[in-house]
Amino acid sequence: MHHRYDVLVVGAGGAGLMAALYAAKGNVSVACISKLYPTRSHTGAAQGGIGAALGNVQEDHWEWHMFDTVKGGDYLTDQDAAEVFAKDIIDAVYELEHMGLPFSRTPDGKIAQRKFGGHTRDFGKAAVERSCYAKDRTGHMILQTLYQQNVKAGTTFYNEFHVTDLLIEDGRCRGVVAYELSTGELHTFHAKAVILAAGGYGRAFKITSNALTLTGDLMSIYYRKGLPLEDMEFYQFHPTGLAKLGILVTEGIRGEGGILRNDSGERFMERYAPTIKDLAPRDIVSRSIITEIREGRGVGRDKDAVNIDLTHLPREVIEGKLAEITDLARTYLGMDPVKDLVPIQPTAHYAMGGIPTDLNGLCLSDGNGGSVEGLYAAGEQACVSLHGANRLGTNSLGDLVVFGRRAGIYAAQYARQVEFADMPENPERESVDLFDRLRASNGKDNAASIRKELQESMMNNVGIFRNGPDMAKQVGIVQELKARYANVGVSDPSRRYNSELIEAMELGFMLDCAEAMTASALNRTESRGAHDREDFTTRDDENWLKHTMAYKDLNREGQVQIGYKPVSLKGFTRAFEPKPRVY
Amino acid sequence: MTQTHAPTSAAPVSASVPMIQLKVKVLRFDPEKDKKAHWTTYDVEAQASDRVLDVINHIKWYMEPSLTFRRSCMHGICGSDAMLINGRNRLACKTLVRDVAKSGGTITVEPIRGLKVEKDLLVDMEPFFDSYKAIMPYFINESPAPAAERIQSEEEAERMAHSSNCILCACCTTSCPIFWVNGSYLGPAAIVQAHRFIFDTRDEATQQRLGIMNQNTGVWRCRTAYNCTEACPRDIPITQLIEEVKRAVMYGQA
Ligand SMILES: Cc1cc2nc3c(=O)[nH]c(=O)nc-3n(C[C@H](O)[C@H](O)[C@H](O)COP(=O)(O)OP(=O)(O)OC[C@H]3O[C@@H](n4cnc5c(N)ncnc54)[C@H](O)[C@@H]3O)c2cc1C
Ligand code: FES
């Protein structure tokens, strides 16, 4: 079937829903395509909050937020993006409140705020309450509220449609192709502008906080066109996932006063970040935890976790402000944070890298200012270089609303100015080929076993601590898995609701993300933010203060070409010189 | 059909963790092949601490790739995987094996009731979302907003604590006997959503919402069976919220 809209949004998480709302305000026809029902998107899993310098609890300023974001990103953050962000997010949070978002409140009825890792007052002096929250289900409330507003605005949704291809010709995007799960039919969507907001790819790792559906689909589709993925080596491991399960325990627990302890009960963060201790940024806390474990001070049967201690907090705080994680610990571990220490371990969490964009969300085609006309991106799958080498907690939800909104506004503006470009001839061709290949192959290898090997090897070889030999080995492993994937067996022939086919397709997307990530990580011979190399232990601004752009080599399967893009070291009114990053 | 397979374990725990034997009986239906649904039993090994969803994933990944169901987050927040497990509506990802079966025992899994089964455990959610949309599930306040936030006290905010916690999984609505016999009843989930706005001190459409609740598809159909409250995976006291809405309709104010 064929459809036509001025603006098409792919993905219905926080970024996609915000983009759809704002595109619709721009007086153009809008539709949103999502492989999940919108309210199933993983934005709903975000717990801790959304950071904005409202100053409701303590004095705060956007300049401080900008500084923290740049420093948190280990100076790989583009400072113009950080400035736009730190200013815009204040308004955006008020706007969410005006949309009805049920924030928790301060005693005087304002939006409640709490401390979060890496967010400080006065350029690093002490932790500040900046995270605006709705209990510990802020993402759930953002997702619900934005979906509600889209229902109000009458946005057209195509739910359980999987985008399988982007139609780009002569440097301009003309639409997308999508597979309808309920019928097995391919649909073509013709559009003047397309906004990609399809989320991350955390399922490439064994221990992860990410949903089963976060498989990097649109990053891979973009990359398959020979277009670059930026800063893929920077992947965040959140320090506190429930042991063995990876289910996230919000950083808000440390914001509320939770303390990390090793096997002897020591508050070990005092040794690694003497000033802000447990509230150091995530990369630092994750490495500290792994160091404790490696040096034999872990807890649990396999000594591969440490404990988070809330027992000194009042029951009302634990069961009120931290109800969600209390429920998770009780449900999945049978433990009660009111009286038990809860074992946690770092969990794969967030992709700092992704599809490169400018400040308006326009997708970049190289590191020299080239772009893809009519194609925009926002959210975790995009890389506007806000998070640099390490994202601060609460800055992703902020990213979704600030840059989702901008992408919506600019995509609509563009769509108002141009006519529809012609669709390519036979637009479904590549998608038909993709499915034919998957359906025809009768290899013995099933998708689940290839996926499992991918997840385990990525965790071991491109995880929290990295080194050249392990990553080089991983390049080979991904190549080998890709070769096996070419033969992956799909045994279910049915047309309707063929989820086996979808899972096989998603595995292919994830393998691409893993390929780009591993190559980018191996190439960067320094340690910066979340990219920590045992063989190159220091940050090297002289050679590496630049963004990586990874391109798939379209002529040599499995090869990746690396280019670069300069870092914006100045904002519009403020600039922060790169300094050593100590907390 | 019976199959045996390697251990299920999403949680990769050390070898010392004991495995238990289970029979998993699934009500299957393939619209392209079957006239009616039929039971299929799978023999699996699992850990007591596995989620039922881990077990079902294992069956899909290694035994029966065509088995169809929805899932995403794996920890009870996205609302995808409501199923009838051992006769009760639950989220498969929030139900542990040890809560529903002992070693050698059987777990039965069926689609939730009252919505058309499309394939295996996957049902047509459109009527459910239609009821949701019918209650005007969005904040309405057309007065000019202040430059900063609208003020709301902590107590006022707390009144929405339960109703705003809903993840639209449909466990409640599809456990409601009134909904089974009369699909036009908006059902508990939609009423919970209405509650969220009716009791929001900032919302200005209370009267319209109470009007919708007062219609014959609305709140008076509820016979306080409590099935919904028992089914809710988020511990929302649904029956109590419905009673609060009934009172608001009666007094014409929240
Ligand atoms: C457990 C957890 C807790 C978090 N807590 C916080 C927090 O407290 N604060 C914070 O700032 N950040 C937090 N984060 C990070 C943040 O929540 C995510 O980065 C963010 O929500 C991603 O939003 P998104 O809109 O980009 O994508 P998502 O919400 O993941 O949505 C992706 C959308 O894309 C669609 N999609 C994907 N592929 C396709 C395809 N092929 N075709 C069609 N549609 C497709 C999906 O259906 C979905 O609608 C947390 C993350 C996790 C995992
Ligand atoms: S998979 Fe998300 S609620 Fe169960």
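Residues numbered from 1 in each chain as written. Chains lettered and ligands numbered in written order. Predicted model: local features only at pLDDT ≥ 70, side-chain atom pairs only at ≥ 80, totals over all residues. Heavy atoms only, no water.

### Some points on the overall build of chain B
- The number of helices and strands found in chain B is 9 helices and 7 strands.
- The C-alpha extent of chain B, read off along each of the three principal axes, is 60 × 45 × 30 Å.
- A total of 254 residues make up chain B; the buried ones form 61% of that total.
- Contacts in chain B between residues far apart in sequence, at least 24 positions, make up 66% of those at least 6 positions apart.
- About 10000 Å² of surface is accessible on chain B, with carbon and sulfur atoms providing 51% of the total. (Helix = DSSP H or I, 4+ residues; strand = E, 2+ residues; numbered from the N terminus. Buried < 20%, exposed > 50% of the residue type's maximum accessible area, 1.4 Å probe, protein only. Contact = heavy atoms within 4.5 Å. Areas by Shrake-Rupley, 256 points an atom, 1.4 Å probe, with all protein chains shown as cover.)

### Structural notes on the pattern of salt bridges
Residue and element names in this part refer to chain A.
- Counted according to the given criterion, the structure contains 71 salt bridges over all chains.
- Between Lys87 and Glu83 there is a salt bridge whose closest N-O contact spans 2.8 Å. Taken as a pair, Lys87 and Glu83 lie in helix α3 (residues 79-98) at a separation of 4 residues, close to a single helical turn.
- The class for Lys87 is partly exposed, based on a relative accessible area of 34%.
- With a relative accessible area of 0%, Glu83 lands in the buried category. (Salt bridge = Lys/Arg side-chain N within 4 Å of Asp/Glu carboxyl O.)

### Regarding the confidence of the model for chain B
All names here are of chain B.
- Scored by pLDDT, chain B has a mean of 94; 94% of the residues are at 70 or more.
- Note on residues 1-15: pLDDT under 50 across the span, and 46 contacts to partners over four residues away in sequence or across chains.
- Confidence metrics for the complex model read pTM 0.96 and ipTM 0.95. (pLDDT = per-residue confidence, 0-100.)

### Notes on the site of ligand 1
Residue and element names in this part refer to chain A.
- The environment of ligand 1 is formed by 40 residues, the closest being Ser34, Ser41, Thr43, Glu380 and Leu397.
- The contact in question runs from a nitrogen atom of ligand 1 to an N or O atom on the backbone of Gln47, over 3.4 Å.
- Within the backbone of Val163, one N or O atom sits 2.8 Å away from a nitrogen atom of ligand 1.
- Relative to its unbound accessible area of 1000 Å², ligand 1 is 97% covered by the protein chains.
- Among the elements of the structure, α1 (14-25), β2 (30-34), β7 (161-169), α5 (217-224), β14 (342-351) and α11 (395-417) are those that each provide at least two residues to the shell around ligand 1.
- If one sorts the elements of the shell around ligand 1 by residue count, α11 sits on top with 4 residues.
- Residue composition of the shell around ligand 1, by class: 17 nonpolar, 19 polar and 4 charged. (Near = heavy atom within 4 Å. Polar contact = N/O pair within 3.5 Å; in protein donor to acceptor, adjacent residues only side chain to side chain. Nonpolar A, V, L, I, M, F, W, Y, C, P; charged D, E, K, R; others polar.)

### Thoughts on the sheet that holds strand β3 (residues 82-85) of chain B
Residues and elements named next belong to chain B.
- Read from one edge to the other, the open sheet built from 5 strands follows the order β2-β1-β5-β3-β4, with strand pairing classed as mixed. Looking along the sheet, the strands with just one partner apiece sit at the ends: β2 (38-46) and β4 (88-91). Pairs of neighbouring strands in the sheet enclose a mean axial angle of 35 degrees, with direction left out of account.
- The pairing of β3 with β4 spans 4 bridges and is antiparallel. Its bridge partner lying in β4, Ile85 is registered against Arg88.
- In the packing of helix α1 (residues 52-62) onto the sheet, the strands contacted are β1 (20-28), β2, β3 and β5 (106-110), and the crossing angle to β2 comes to about 105 degrees. (Pairing = 2+ DSSP bridges. Axes fitted to C-alpha atoms, helices over the stretch in contact; angles between N-to-C directions.)

### Description of the interface of chain B and chain A
- Contacts between the two partners involve 71 residues from chain B and, on the opposite side, 66 residues from chain A.
- Taking both partners together, chain B and chain A bury about 5700 Å²; carbon and sulfur atoms supply 50% of that area.
- Considering only the surface of chain B that becomes buried against chain A, Trp61, His75 and Glu149 of chain B emerge as the three largest contributors, covering 12% of it.
- Our count for the contact surface shared by chain B and chain A stands at 8 salt bridges.
- As a salt-bridge pair, Glu142 of chain B and Lys152 of chain A come within 3.5 Å of each other at their nearest N and O atoms.
- Counting across the interface, chain B meets chain A through 37 residue pairs in polar contact (both at pLDDT 80 or more).
- Only α1, β6 (117-119), α3 (126-134), α4 (154-158) and α6 (188-198) of chain B provide two or more residues apiece to the side of chain B that touches chain A. (Buried area = accessible area lost by both parts, 1.4 Å probe.)

### Here we look at the domain arrangement of chain B
Residue and element names in this part refer to chain B.
- Once the domains are mapped, chain B shows domain 1 (2-122) and domain 2 (125-251).
- On a C-alpha basis, the centroid separation for the pair domain 1 and domain 2 is 31 Å.
- The interface of domain 1 with domain 2 comprises 15 residues on the first partner and 16 residues on the second.
- Where domain 1 abuts domain 2, roughly 1200 Å² becomes buried across the two surfaces, and 62% of that area is made up of carbon and sulfur atoms.
- Looking at the side of domain 1 facing domain 2, the largest losses of area belong to Asn89, Arg113 and Leu115, adding up to 41% of the total buried there.
- One can count 0 salt bridges joining domain 1 with domain 2.
- Taken together, domain 1 and domain 2 are joined by 4 residue pairs in polar contact (both at pLDDT 80 or more).
- The greatest single-element share of the side of domain 1 that touches domain 2, amounting to 4 residues, is contributed by β4.
- Grouping the amino acids of the side of domain 1 that touches domain 2 by side-chain chemistry returns 6 nonpolar, 4 polar and 5 charged. (Domains from an automatic or database assignment.)

### Here's the deal with a negative patch on the surface
Residues and elements named next belong to chain A.
- Together, Glu169, Asp170, Asp422 and Glu425 make up a region of like negative charge exposed at the surface.
- With respect to the helices and strands, the residue Glu425 is situated in the loop between α11 and α12 (429-440).
- Given a relative accessible area of 75%, Glu425 falls into the exposed group. (Patch = residues over 30% accessible without salt bridge, like charges linked within 9 Å, V, L, I, M, F, W, Y side chains within 5 Å. Lys, Arg positive; Asp, Glu negative; His and termini not counted. Charge placed at Lys NZ, Arg CZ, Asp CG, Glu CD.)

### What about the sheet that holds strand β10 (residues 229-230) of chain A?
All names here are of chain A.
- Pairing is antiparallel in the open sheet, where 3 strands are placed in the order β10-β21-β22. Here the strands that pair on one side only, and so sit at the sheet edges, are β10 and β22 (560-566).
- Taken together, the 2 bridges between β10 and strand β21 (residues 546-552) define a ladder with antiparallel strand orientation. Looking at β21, one finds that Leu229 is bridged to Ala550.
- Against the sheet, α5 makes contact with β10, β21 and β22, and its axis sits at roughly 75 degrees relative to β21, the strand it touches most.
- Sitting on the sheet, helix α15 (residues 499-523) touches β10, β21 and β22, and the angle it makes with β22 is about 65 degrees.

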